[in-house]
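Structural features, examined
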Amino acid sequence: MNICEITSGYRRIPPEQIAPIETYILNISRQMSLSGHNVTIIDRRYSKADQSQERLDGVTITRLDAWKYHFGLLARIRPLARFLSRVQFALDEVSFTLAIRRYLSQNRFDIIHIHSPVMGLPLALFSSRIRKKLVYTSHINIMLYDPSVLKSSLWERAHTVLNYAFM
């Protein structure tokens, strides 16, 4: 079976620092490979030195070029910094999603496993071929967004709505 694992493109696979979701993706991919499946992890190309494809423990890691947004000096202005970091994160995920969509249109997989509702929702909405093969794992602790536990920000509430919509 040909299986595709899609990262958020936020932290490198294999992780160079603490990265629970990326570690999970790599470990589950290794186990599926040991079970005889062809597994490809799609990750972002973080620098020009990154190879576009590499093998690690029987798993193919494909790195895609996707635009990374930067707000330069604006991001250093304290009142704007948090807001702009959220906007940058969302724009980076949209850019990576477009690269993933192009890649998936040129390659065939039996299962596409995604870990981000921000990326998964557009892929599911705009491609019935992808939607039929899509599996989603939510890594969001919904309890954190319960107003009785913690007052959530607008960003957290929006992310929770996307998570529920995608599920």
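Data block above holds the structure.
Throughout what follows, the structure given in this document is the object of discussion. As a convention, each chain's residues are numbered from 1 in the sequence order in which they are written. Residues qualify for local features only when their pLDDT is at least 70, as the model is predicted, and side-chain atom pairs are given and counted only at 80 or more; totals for whole chains, interfaces and linings, by contrast, use all residues. Values reported for side chains reflect all heavy atoms of the structure, with hydrogen atoms and water molecules removed beforehand.

This part takes up the sheet that holds strand S6 (residues 134-136). Strand pairing is defined by DSSP finding a minimum of two bridges between the two strands. Helix numbering and strand numbering both begin at the N terminus, where a helix is a DSSP run of H or I of at least 4 residues and a strand a DSSP run of E of at least 2. Reading across the sheet, the six strands line up as S3-S4-S2-S1-S5-S6 and stay open at both edges, with mixed pairing between neighbours. Edge positions in the sheet fall to strand S3 (53-56) and S6, since each of these pairs with one other strand and no more. Recorded for the sheet is a direction-independent mean angle of 25° between the axes of neighbouring strands. Across the sheet, helix H2 (residues 78-106) touches strand S1 (2-6), strand S2 (38-44), strand S4 (59-64) and strand S5 (111-114), and the angle it forms with S2 is around 145°. Note on method: axes are straight lines fitted to C-alpha atoms, helices fitted across the in-contact stretch only, with angles between N-to-C directions ranging 0 to 180 degrees. Whether two residues touch is decided by their heavy atoms; if any such pair falls within 4.5 Å, the residues are in contact.

The next subject is the nonpolar core. In this structure, Ile-6, Ile-42, Ile-100, Leu-104 and Ile-112 are the most contacted members of the largest nonpolar core, which totals 19 residues. Put simply, the parts of the chain that give this core at least two residues each are S1, H2, S5, helix H3 (117-126) and S6. Among the elements that make up this core, the one with the highest residue count is H2 (five residues). When neighbours within four sequence positions are excluded, Ile-42 is seen to be in contact with Cys-4, Glu-5, Ile-6, Thr-7, Thr-62, Leu-64, Phe-96, Ile-100, Tyr-103 and Leu-104. Buried residues of nine kinds, namely Ala, Val, Leu, Ile, Met, Phe, Trp, Tyr and Cys, make up a nonpolar core once their side-chain atoms join them within 4.5 Å. Using a 1.4 Å probe on the protein chains alone, a residue whose accessible area is under 20% of its type maximum counts as buried, one over 50% counts as exposed, and one in between counts as partly exposed. Membership of the second largest hydrophobic core comes to nine residues, among which are Ile-25, Leu-26, Met-32 and Val-39.

On to the packing of H2 against H3, then. When two helices pack together, you describe them by how their axes are tilted relative to each other and by the distance separating the axes. Relative to each other, H2 and H3 sit at 40°, their axes nearing to 9 Å. In terms of orientation, H2 and H3 fall into the oblique class. Considering how the two elements wind past one another, H2 and H3 form a crossing that is right-handed. Contacts from Glu-93, Phe-96, Thr-97, Ile-100 and Arg-101 in H2 reach Val-118, Met-119, Pro-122, Leu-123 and Phe-126 in H3. Throughout, the term roughly parallel applies to angles under 35 degrees, roughly antiparallel to angles over 145, roughly perpendicular to angles from 65 to 115, and oblique to all others. If you view the pair so one helix is near and one far, a crossing is left-handed when the near helix is turned anticlockwise from the far one by less than a right angle, and right-handed when it is turned clockwise.

Turning next to H3. Of all 10 residues in H3, seven are buried, a share of seventy percent or more. When H3 is considered as a whole, its buried residues turn out to be Pro-117, Val-118, Met-119, Gly-120, Leu-121, Leu-123 and Ala-124.

This part takes up the pairing of S5. By the bridge criterion, four bridges tie S1 to S5 in an arrangement that is parallel. Looking at S5, one finds that Glu-5 is bridged to His-113. Relative to S6, S5 runs parallel, the two being bridged by three bridges. By the bridge assignment, Ile-114 is partnered in S6 with Tyr-136.

What follows is about the side chain of His-113. With respect to the helices, strands and loops of the structure, His-113 is situated in strand S5. Here His-113 falls in the buried class, since its relative accessible area comes to 8%. Polar contact is the term for a pair of N or O atoms within 3.5 Å; when the atoms are in protein, one must be able to donate a hydrogen and the other to accept it, and sequence-neighboring residues count only if both atoms are side-chain atoms. Polar contacts involving the side chain of His-113 include one to the side chain of Thr-137, which spans 2.6 Å.

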